[in-house]
Amino acid sequence: LEAERRARGPDGLHDLLLRLGDLSSAEIWERADPAQAVKTWIPALEAERRIVSVPIAGETRWIAAEDAGRYRDALGVPPPPGLPEAFLERVADPVGDLVLRYARTHGPFRADEAARRLGIGPAPVEAALHKLAESGRVLEGEFRPGGSGRECCEAEVLRALRQRSLARLRREV
């Protein structure tokens, strides 16, 4: 993981969860510097009600408290009691928000990969991807070598991948 994307303190961990969405404790450890500090960051943020643990896809994951309403409405995850009402307000398209966040933080992917991550069936993910593709936020195609069927990629992620690929090819020449 690139050094500038690592969480370097409790505030950085909170920001990471806002940017990436739900992460397991192991995934947080991989993204923290120093990793062993996670042992104190998570309890401190949880005590401050800035992050909460929720069950997703058969495992415990951490989310930013601000996302509690979104995860409740998209995945049926019950938020813990005591969160501010502002964090529990309904959003217009909770599944679409989570799918777009997944797309912004992953390279090309298939709908079933995002559905597995979110612990839901592929139909709501497909519907969200269709809406995102219509708006131009997500592009559809076969992006990976040896790809199997339709893949999706967020437009900015695809642009960055293309730029990196071209830069690598130029260096090789």
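Refer to the preceding data block for the structure.
Residue numbers restart at each chain and count upward from 1, following the sequence in its written direction. Only residues with pLDDT of 70 or above have their local features reported here, since the model is predicted, and side-chain atom pairs are shown and tallied only from 80 upward, although totals for entire chains, interfaces and linings are computed over all residues. Heavy atoms from the whole structure form the basis of all side-chain values; hydrogens and water molecules are not counted.

Colleague: Which residues make up the packing of helix H5 (residues 94-104) against helix H6 (residues 111-118), and what values do they have?
Modeller: Only the stretch in contact is used when fitting a helix axis, every axis being a line fitted to C-alpha atoms; angles between N-to-C directions are given from 0 to 180 degrees. The numbering of helices and of strands both runs from the N terminus, where a helix is a DSSP run of H or I of at least 4 residues and a strand a run of E of at least 2. In contact at an axis separation of 11 Å, H5 and H6 are set at 115° when each is read in the N-to-C sense. Judged by the inter-axis angle, H5 sits roughly perpendicular to H6. As for the relative orientation of H5 and H6, their crossing is right-handed in sense. Two secondary-structure elements touch here, H5 through Leu-98, Val-99 and Tyr-102 and H6 through Glu-113, Ala-114, Arg-117 and Leu-118. Ten residues, namely Ala, Val, Leu, Ile, Met, Phe, Trp, Tyr, Cys and Pro, are considered nonpolar, four, namely Asp, Glu, Lys and Arg, are considered charged, and the remaining ones, Gly among them, are considered polar. Residues that form the contact of H5 with H6 fall into these classes: five nonpolar, no polar and two charged. When an angle is under 35 degrees it counts as roughly parallel; over 145 it counts as roughly antiparallel; between 65 and 115 it counts as roughly perpendicular; any other value is oblique. We call a crossing left-handed when the near helix sits turned anticlockwise from the far one by less than a right angle, and right-handed when that turn is clockwise. Residues count as neighbours in contact if any of their non-hydrogen atoms are within 4.5 Å of one another.

Colleague: Mind laying out the environment of Phe-109, listing which residues take part and the relevant values?
Modeller: Following the sequence through the fold, Phe-109 ends up in the loop between H5 and H6. Partly exposed describes any residue whose relative accessible area lies between the buried limit of under 20% and the exposed limit of over 50%, with all areas from a 1.4 Å probe on protein chains only and scaled to the type maximum. For Phe-109, a relative accessible area of 1% translates into the label buried. Setting aside residues up to four positions removed in sequence, Phe-109 forms contacts with Tyr-102, Ala-103, Ala-114, Leu-129, Arg-144, Glu-151 and Cys-152.

Colleague: Any chance you could break down the side chain of Glu-27 for me, citing the residues and the numbers?
Modeller: Here Glu-27 shows up in helix H2 (residues 25-30). Since its relative accessible area comes to 18%, Glu-27 is described here as buried. Separated by 2.7 Å, the side chains of Glu-27 and Arg-117 make a polar contact. Each residue touching Glu-27, except ones within four places of it in the same chain, is listed here: Asp-22 and Arg-117. Counted as a polar contact is a pair of N or O atoms within 3.5 Å, where, for protein atoms, one must be capable of donating a hydrogen and the other of accepting one, and residues adjacent in sequence contribute only when both atoms are in side chains.

Colleague: Could you give an account of the pairing of strand E1 (residues 51-56), with specific residues and numbers?
Modeller: Strand pairing is assigned whenever DSSP identifies at least 2 bridges connecting the two strands. Looking at chain direction, E1 and strand E2 (residues 59-64) are connected through six bridges and run antiparallel. The partner of Val-52 across the bridge, within E2, is Ile-63. Here E1 folds back onto E2, and the loop between the two strands holds two residues, one of which, Ala-57, carries a positive phi near 50°.

Colleague: Now, about the packing of aromatic side chains: what can you tell me, with residues and values included?
Modeller: Each pair of aromatic rings taken from Phe, Tyr and Trp, with Trp reduced to its six-membered ring, is defined by centres within 6.5 Å and is described as stacked if the planes are under 30 degrees apart, edge-to-face if over 60, and tilted in the remaining cases. Considering all chains together, one arrives at one aromatic pair under this definition. Pairing Tyr-102 with Phe-109 gives two aromatic rings, centres 4.9 Å apart and planes at 85°, and the pair type is edge-to-face. With a relative accessible area of 11%, Tyr-102 lands in the buried category.

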